[in-house]
Amino acid sequence: MNTWRYIEEDKVTAYYGLAADEYLMDLYSDKDAHKDAILRLYSYQDFCSLVGRFQNVHAELDLESCKRQNSQFTRRLTGGGAIIMGDGQLALCLATANTFQSENTRELYQLFSNPIIQVLDQLGINAELKGKNDLEVDGKKIAGLGIHVNPHGAIQFHTSLLVDLDIPKMMSVLNIPLQKIGDKAQIHKVEQRITTISRELGRKVTVAEVRILLKKCYESQFEVKLVEDAIRNNEKGKIEKIANDRYKSDGWIFQNSPQPDMTGMGLKKTKAGLLRTYVALKGETMKSVLITGDFFGFEELFGHIETKLKWHPIDQLKIKAVIDMAFAKYPKSSDLSADEVFDSIWRATMGAMREVKYTYNGSCYYPKKKEKDKTEKKNEDNISVN
C-alpha cells in the first residue's frame, strides 16, 4: 500500500498557514512523477481573513475592523471569495503532482472532495458539489473549494470546511454584497446561504472530531496509508521565507486594488463568480480597466482585455469587439460570457462618465481625492445588478 505524508496543525497564523501550503505544493514541482501526496488538516487562529487570488482587498474586507479586532488578513493563491478562518473552520490542503489522469478542474474538484462528502454523509449530512466550487447542503454552503496549479504542474487543493462559524464575527470583517448571497429579494441574510456541521447536527461538533473522520475517508478513497510527519525544523525556515516574501507583503496583499482615478465601478453576478470592474477615464478615452472578483482561472482572459482597453475610445461596439476577440483567443466555460464581461465594464464606464463629466484639465485626469469606501458605495448604489 502506498503512503502519504499527513500533517496536523492548529491555531496557525494567516501567513504561515498559506505559506506552508505553498511550500508543500512546491515539493511536487520536480519533473519526476510522484505517486504520493501530502494531506494537511489544520486550523487558523481566531480570526484570519483570507481574500481570493483576484479580489480587491479594499472591497472585500473592512480593513479598519480587521485592525481593531487584530484579525490578520492576506491573499490566497487560489481564486474564489473572501473567507474567515479560525478554530471552528477546518482547513484542508492536499498537495500532489497531477498523476490522476485528468486536466479537467471540475473532475479534480469532485475527486479530491469525495472524502469530504463521505464524511458529511457518515454524519447524516447530504452534501453535493454545486456551482463552481462549493459543497452545499440544501442550497447552503458548508465548504468552499479551491485549486491552484503551479507552473510546474504541482497541485494545491484547498478546502475551508465549516464545522462551526461565528457569523456576526464574519460579517464584522467581510464586506458581503447582497448580490453574492442570493438573487431573490427575500434572501437578505448570510445565514440563509451558509450552514455548518454543528448547525446541521444540532450539537457542538469539534474540528478534532471531523479531522479523524476525514483522515480515514482519504485513506479509503485513495487506498493509501496516511503517515503522520509534522513540519520539520529545516522546513520551517523555508516556509517563513515564503510567508515574508509573499503573504506578509503589501505588494501581494493589495494587488488588484483600483487606482485613485478609477471612479467607475460595475458589479455583475455570473455563474463564474461576482465580477467587480473598475474604469478610469481621460476625457472620452478609457485610461485603464481593472477586473476583480471571486472567479477562478480567467487571469489570461482578463489580463488580455485590460491591456487591449488601455487608452481605448469609449465606443460600445469597439469595446464589445475587443471582448469578443479576447473570448475567441482564450475560450472558457459556459459559466461566463463575453456579454456579461462587457456589461460589467460598460456599467463601470458609465459610472466613471458621471463622475468625470468629460473633464480634460491637466495632462492626466485625476479626480478630487475621496474616501475609497464612500466612492465605491456611491457607484454601487447607482448601478443595478442582474
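Definitions and cut-offs
- Residues numbered from 1 in each chain as written.
- Predicted model: local features only at pLDDT ≥ 70, side-chain atom pairs only at ≥ 80, totals over all residues.
- Heavy atoms only, no water.
- Helix = DSSP H or I, 4+ residues; strand = E, 2+ residues; numbered from the N terminus.
- Buried < 20%, exposed > 50% of the residue type's maximum accessible area, 1.4 Å probe, protein only.
- Contact = heavy atoms within 4.5 Å.
- Pairing = 2+ DSSP bridges.
- Core = buried A, V, L, I, M, F, W, Y, C linked by side-chain atoms within 4.5 Å.
- Axes fitted to C-alpha atoms, helices over the stretch in contact; angles between N-to-C directions.
- Expected span 1.5 Å × (residues − 1).
- Phe/Tyr/Trp six-rings, centres within 6.5 Å; stacked < 30°, edge-to-face > 60°.
- Lys NZ or Arg CZ within 6 Å of the ring centre and 35° of its normal.
- Bend = angle between axes of the 7 residues up to and from the residue.

Draft legend 1. How the structure looks around the overall build of the protein. Each helix and strand in the protein was counted, giving 14 helices and 15 strands. Among the 386 residues that make up the protein, the fraction classed as buried is 54%. A separation threshold of at least 6 residues defines the contact pool for the protein, and within that pool the share at least 24 residues apart is 73%.

Draft legend 2. Layout of the pairing of strand 13 (residues 273-282). With ten of its ten residues buried, strand 13 lies for the most part within the structure. Sheet topology places strand 12 (residues 264-270) next to strand 13; seven bridges connect them, and they run antiparallel. When the bridges of strand 13 are listed, T270 appears paired with G273. Between the antiparallel neighbours strand 12 and strand 13 lie two residues. When strand 13 meets strand 14 (residues 285-293), the two strands line up antiparallel, connected through eight bridges. In the strand pairing of strand 14, T277 is matched with I291.

Draft legend 3. Spotlight on the nonpolar core. Core analysis: the largest hydrophobic core is formed by 49 residues, its most contacted members being Y44, L61, M170 and Y247. The element contributing the most residues to this core is helix 1 (residues 14-26), with nine residues. Counting 41 residues, the second-largest nonpolar core is a separate cluster that includes L39, L135, L213 and F222.

Draft legend 4. Main features of the sheet that holds strand 7 (residues 128-130). The eight strands lie next to each other as 7-8-9-10-6-2-1-11, forming an open sheet whose pairing is mixed. Both outer strands of the open sheet, strand 7 and strand 11 (224-228), are each paired with one neighbouring strand and no more. With direction set aside, neighbouring strand axes in the sheet form an average angle of 25 degrees. Packed on one face of the sheet, helix 1 meets strand 1 (2-12), strand 2 (37-44), strand 6 (89-97), strand 9 (140-149) and strand 10 (154-162) and runs near 175 degrees to strand 2.

Draft legend 5. Examining helix 9 (residues 233-247) more closely. Taking 1.5 Å of rise per residue, 15 residues should cover 21 Å, and helix 9 covers 20 Å from first to last C-alpha, within 8% of that figure. Residues of helix 9 that are buried in the fold lie against strand 1, helix 1, strand 4 (72-75) and helix 10 (250-253).

Draft legend 6. Quick peek at the packing of aromatic side chains. In total, this model carries 13 aromatic pairs according to the counting rule given. A ring pair is formed by F295 and F298, whose centres lie 6.2 Å apart and whose planes are at 85 degrees; its orientation type is edge-to-face. Given a relative accessible area of 4%, F298 falls into the buried group. Ring plane angle 25 degrees and centroid distance 5.6 Å describe the contact between F298 and F302, whose orientation is recorded as stacked. Across the pair, F302 and F298 agree in class, each one buried. Counting every residue linked through ring pairs, the aromatic cluster contains W4, F112, F157, Y218 and F222. The positively charged end of R40 is found above the aromatic ring belonging to Y42, 3.7 Å away from the centroid.

Draft legend 7. Highlighting the pairing of strand 8 (residues 134-137). Residue alternation in strand 8 divides its side chains into two sets, D134 and E136 and L135 and V137, and both sets are buried. Here strand 7 runs beside strand 8; their pairing, made up of three bridges, is antiparallel. Within the sheet, the bridge partner assigned to E128 lies in strand 8 and is E136. Between strand 7 and strand 8, which pair antiparallel one after the other, the connecting turn spans three residues, and G131 there sits at a positive phi close to 60 degrees. Sheet analysis places strand 8 next to strand 9, joined by four bridges and oriented antiparallel. By the bridge assignment, V137 is partnered in strand 9 with K140. Turn length for the strand 8-strand 9 hairpin, with the two strands adjacent in sequence and antiparallel, is two residues, and the turn residue D138 shows positive phi of about 50 degrees.

Draft legend 8. Molecular detail of helix 4 (residues 105-122). Relative to the 26 Å expected for 18 residues at 1.5 Å per residue, helix 4 spans 26 Å between its end C-alpha atoms, a close match to the ideal helical length. The sharpest bend along helix 4 measures roughly 45 degrees and falls at S113, with the proline P115 sitting one to four residues further on. Every buried residue of helix 4 is listed here: L108, Y109, F112, S113, P115, I116, I117, V119 and L120.

Draft legend 9. Representation of unusual backbone geometry in the model. Looking along the chain, the bond that leaves D46 and enters F47 is cis, with omega of -20 degrees. Note that F47 resides in the loop between strand 2 and strand 3 (48-51). At D138, a position not held by glycine, the phi torsion is positive, near 50 degrees. Relative to the helices and strands, D138 resides in the loop between strand 8 and strand 9. One non-glycine residue with positive phi stands out, namely W311, at about 60 degrees. Here W311 is to be found in the loop between helix 11 (299-308) and strand 15 (312-313). On the accessibility criterion, W311 (46% relative accessible area) is partly exposed.

Remember that the coordinates give geometry; whether it matters functionally is a separate question.
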